[in-house]
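Here are the chains, one letter per residue:
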Amino acid sequence: MLNATVSELSAALTAKKISSVELTKLFIARAKSLNGRLNAFITLDEGRSLAEARVADERRSKGGAGPLTGIPVAHKDIYCTKGMLTTCGSRMLANFVSPYDAHVIERFAAAGTVLLGKTNMDEFAMGSSNETSWFGPVRNPWDTGRVPGGSSGGSAAAVAARMAPAATGTDTGGSIRQPAALTGTCGLKPTYGVVSRYGMIAFASSLDQGGPFARSAEDLALLMNVMAGFDPRDSTSLERNKEDYSRELNLELKNLRIGLPKEFFAEGLDADVRARVTEAVRWFESQGAKTVEITLPNAGLGVPVYYVIAPAEASSNLSRFDGTRYGHRAKQYSDLLDMYRRTRAEGFGAEVKRRILVGTYVLSHGYYDAYYLQAQKVRRLIAKDFAAAFERSDLVMGPTSPSTAFALGEKTEDPVQMYLNDIFTIPAPLAGLPGLSIPCGFDARGLPVGLQIMGDYFSEAKMLGAAHRYQQATDWHRRVPKETPL
Amino acid sequence: MSLTPDQVRRIAALARIELDPAEEQGVAERLNRVLGLIDQIQKQDTSGTAPMAHPLDGRLPVAQRLRPDEVSEPDKREEFQAIAPAVEGGLYLVPKVIE
């Protein structure tokens, strides 16, 4: 059961082979036994989970259950959960019990899923290794000396280690796709505006988007059917008709045009990553897909553009943490200004402070045009590159991350080295486009490699279809991490 | 370009973050590495390109949605103030600003 996909668990619940209470107990026991080593969860609340499981079992027995009723799901600790600790991985919110639920939490509750716990993450989603969390780093189940990626590292590690069948995450510059790649799990960042951000703690508002983690593309589609949808409480939420994300799972691959951006296969790409991604692309060709070389000439500027725009927006978003209405307040201060300054000095970690400082600088008088405005112009050039690419291709494929999981502490000294990890995941959100990552093999050390599939706006179902077809022919996504055997 | 310790202190003051003098040097050094990275965008010719503030701008209509100006939120003052660091009589308390 622990190794089953959400769709298999759903079938087992429907066939009454197992109850939600039994299933939830199984995953709680697994999560408890591994959390000391992996630190994937910040909060586990067995009583609450079991109470929700009992309600789900009742709903299943009375009828009116959906496919996900009774399935335990872990949520990134960036989503506000009413009456429950919501820390965003920060000391600033280490005592914050949210007075309301995020839209995503409401949707999962309405679908009857069981809240399994809140997962660890980089502080305020700023990081690519889950080492900036106030609650300590998350460890990669494939090698506990290595990072799981970030910022949704807890969700990725929990799904990889079979502590949860599925989880939620958020992606600003790669925070779903990169940890999915580094942990051998599947993760989807939807089109900007598809998943409501109400109650999802803001980092960079022109980029942030919530999405699911699971062990198969088929499961990602089921989770998207719950998560996606219009919400008037989020001004960026798109008013669109309800979509069935499972509708293209049997996608016809013959004559599917796959664009391969030459910039994604250039120097600096780890040789094993290149080999595994190329093998995956060859498989699609063997099914009749046509590959075309495309170019995203401005994508190389994606990382510098991102590190202007995201910190600028973060410096504005995080100004709300001032020790007045909620969260941490410094114990000693002389006046109001001193209270703000000490509260923020104590409440934020080094990486969050660094980004606030960068953002404050690029927005300040005399530098705004040279940095912020120029970054927004290059951002449009990157979006135009994608528009041209999607005239020649249906989907774009490449590596998710330039390397496999790196060692804890390896990149913490130099922020730029850490930032360059997201070189392949940053371009899509700059253009608001959807992207997903699925496992496509292992490097020589036995660490998972991720294949990234990007699509035009609202092409999630097609991307999931291509991923599902690949997963019907391969079993990379079924492999269990060596350090956390079942 | 490179930030001097004075500039770093000024930015920190604007951001309302207290910097420990002992950490200033390290903060400046790492900030300058990040600035070295983002300076790469300067060399790109963007003449004739409009800034893009919304990621779907250019492909989809991105006008802000409006709603009727009606009260939609119930009063949740007690719930919200229950998690505040200091409140009294329904008000959030901060150090005295005006003598």
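Residues numbered from 1 in each chain as written. Chains lettered and ligands numbered in written order. Predicted model: local features only at pLDDT ≥ 70, side-chain atom pairs only at ≥ 80, totals over all residues.

Student: What exactly am I supposed to notice about the overall build of chain A here?
Tutor: Of regular secondary structure, chain A possesses 15 helices and 11 strands. In terms of C-alpha radius of gyration, chain A reaches 21 Å, essentially the compact-globule figure of 23 Å for 486 residues. For the C-alpha atoms alone, the extent of chain A along its principal axes is close to 65 × 55 × 45 Å. Contacts in chain A between residues at least 24 apart in sequence constitute 76% of all its contacts with a sequence separation of at least 6. (Helix = DSSP H or I, 4+ residues; strand = E, 2+ residues; numbered from the N terminus. Rg over C-alpha atoms; globule rule 2.2 N^0.38 Å. Contact = placed C-beta atoms within 7 Å.)

Student: Got a minute to help me understand the overall build of chain B in this structure?
Tutor: Secondary structure summary: chain B contains 3 helices and 2 strands in total. Reading the helices (α) and strands (β) of chain B from amino to carboxyl end gives α-α-α-β-β. Taking 13 Å as the expected radius of gyration for a compact globule of 99 residues, we find that chain B reaches 23 Å, considerably beyond that expectation. Projecting the C-alpha coordinates of chain B onto the three principal axes gives extents of approximately 55 × 50 × 25 Å.

Student: What am I meant to see in helix α7 (residues 217-227) of chain A here?
Tutor: Side chains of residues three or four places apart in an α-helix project in the same direction, reflecting 3.6 residues per turn. All names here are of chain A. In terms of burial, α7 is a largely internal element, 11 of the 11 residues being buried. When we look at burial in α7, the residues that qualify are Ala217, Glu218, Asp219, Leu220, Ala221, Leu222, Leu223, Met224, Asn225, Val226 and Met227. Once α7 finishes, Gly229 follows within two positions and takes phi at roughly 145°, a positive value. (Buried ≥ 20, exposed ≤ 12 C-beta atoms within 10 Å, placed from the backbone.)

Student: Sorry, what's going on with the pairing of strand β9 (residues 395-399) of chain A here?
Tutor: All names here are of chain A. Of all 5 residues that make up β9, 5 are buried, and the element is covered over most of its length. Sheet topology note: the strand β7 (residues 257-261)/β9 ladder contains 2 bridges and is parallel. Bridged to Gly259 within β9 is Val396. Pairing geometry for β9 and strand β11 (residues 448-455), over 5 bridges, is antiparallel. By the bridge assignment for β11, Met397 is matched with Ile453. (Pairing = 2+ DSSP bridges.)

Student: I tried to follow the interface of chain B and chain A on my own but got confused; where do I start?
Tutor: Note on interface size: it is often stated as the accessible area lost on association of the parts. On the chain A side, the residues contacting the 42 residues of chain B number 59 residues. Secondary structure elements with two or more residues in the side of chain B that touches chain A: α1 (5-14), α2 (21-38) and α3 (77-81) of chain B. The leading source of residues in the side of chain B that touches chain A is α2 of chain B, at 6 residues. For the side of chain B that touches chain A, a count of residues per class yields 25 nonpolar, 8 polar and 9 charged. (Nonpolar A, V, L, I, M, F, W, Y, C, P; charged D, E, K, R; others polar.)

Student: Would you mind going over the environment of Val104 of chain A with me for this structure?
Tutor: Residues and elements named next belong to chain A. Counting through the fold element by element, Val104 comes out in helix α4 (residues 103-110). Residue classification places Val104 among the buried positions, given that 28 C-beta atoms sit within 10 Å. Sequence spacing of Val104 and Arg162 is 58 residues, and the spatial spacing of their C-alpha atoms is 22 Å.

Student: Got a minute to help me understand the confidence of the model for chain B in this structure?
Tutor: Detailed reading of the predicted coordinates is not advisable wherever pLDDT is low. Of all residues in chain B, 99% have pLDDT values of 70 or greater, and the mean over the chain is 91. In the predicted complex, the global pTM is 0.97; the interface-specific ipTM is 0.96. (pLDDT = per-residue confidence, 0-100.)

Student: In this structure, what is going on with unusual backbone geometry? I would like to understand it.
Tutor: Most of the time, phi is negative for any residue but glycine, and the peptide bond is trans. For the peptide bond that leads from Gly150 of chain A to Ser151 of chain A, omega is 15°, which places it in the cis range. Locating Ser151 of chain A in the fold gives a position in the loop between β3 (114-119) and α5 (153-160). Phi is positive for Cys88 of chain A, which is not a glycine, with a value near 55°. Within the element layout of this structure, Cys88 of chain A appears in the loop between β2 (72-76) and α4. Judged by the 30 C-beta atoms lying within 10 Å of it, Cys88 of chain A is buried. At Arg16 of chain B, a residue that is not glycine, the phi angle is positive and equals roughly 60°. Relative to the helices and strands, Arg16 of chain B resides in the loop between α1 and α2.

Student: Help me understand the nonpolar core in this model?
Tutor: Nonpolar side chains in soluble globular proteins generally cluster together in the buried interior. If you look at the biggest cluster of nonpolar residues, it comprises 164 residues, and the most contacted ones within it are Val73, Ala158, Ala164, Ala166, Leu220, Val305 and Val308 of chain A. The leading source of residues in this core is helix α12 (residues 369-392) of chain A, at 10 residues. (Core = buried A, V, L, I, M, F, W, Y, C linked by C-beta atoms within 7 Å.)

Student: Sorry, what's going on with the pairing of β7 of chain A here?
Tutor: The two faces of the sheet receive side chains in turn, since in a regular strand these alternate between them. All names here are of chain A. Most of β7 is tucked away, with 4 of its 5 residues classed as buried. Strand direction decides the pairing type here: β7 and strand β8 (residues 290-294), joined by 5 bridges, are parallel. Counterpart to Gly259 in the pairing with β8 is Val292. In this fold, the crossover linking β7 to β8 by way of helix α8 (residues 271-286) has right-handed handedness. (Right-handed = clockwise from strand over helix to strand, strands pointing away.)

Student: Looking at this model, I keep getting lost on the packing of helix α9 (residues 302-317) of chain A against α12 of chain A. Mind explaining?
Tutor: For any two helices packed against each other, the geometry comes down to the angle between their axes and how far apart the axes lie. Residues and elements named next belong to chain A. At a closest axis distance of 9 Å, the pairing of α9 and α12 adopts a crossing angle of 130°. For the element pair α9 / α12, the angle class is oblique. Every pair of crossing elements has a handedness; the one defined by α9 and α12 is left-handed. Along the contact surface, α9 presents Gly302, Val305, Val308, Ile309 and Ala312, while α12 presents Tyr371, Tyr372, Ala375, Gln376, Val378, Arg379 and Ile382. Split into classes, the residues belonging to the contact of α9 with α12 amount to 9 nonpolar, 2 polar and 1 charged. (Axes fitted to C-alpha atoms, helices over the stretch in contact; angles between N-to-C directions. Parallel < 35°, antiparallel > 145°, perpendicular 65-115°, else oblique. Left-handed = near helix turned anticlockwise from the far one by under 90°.)

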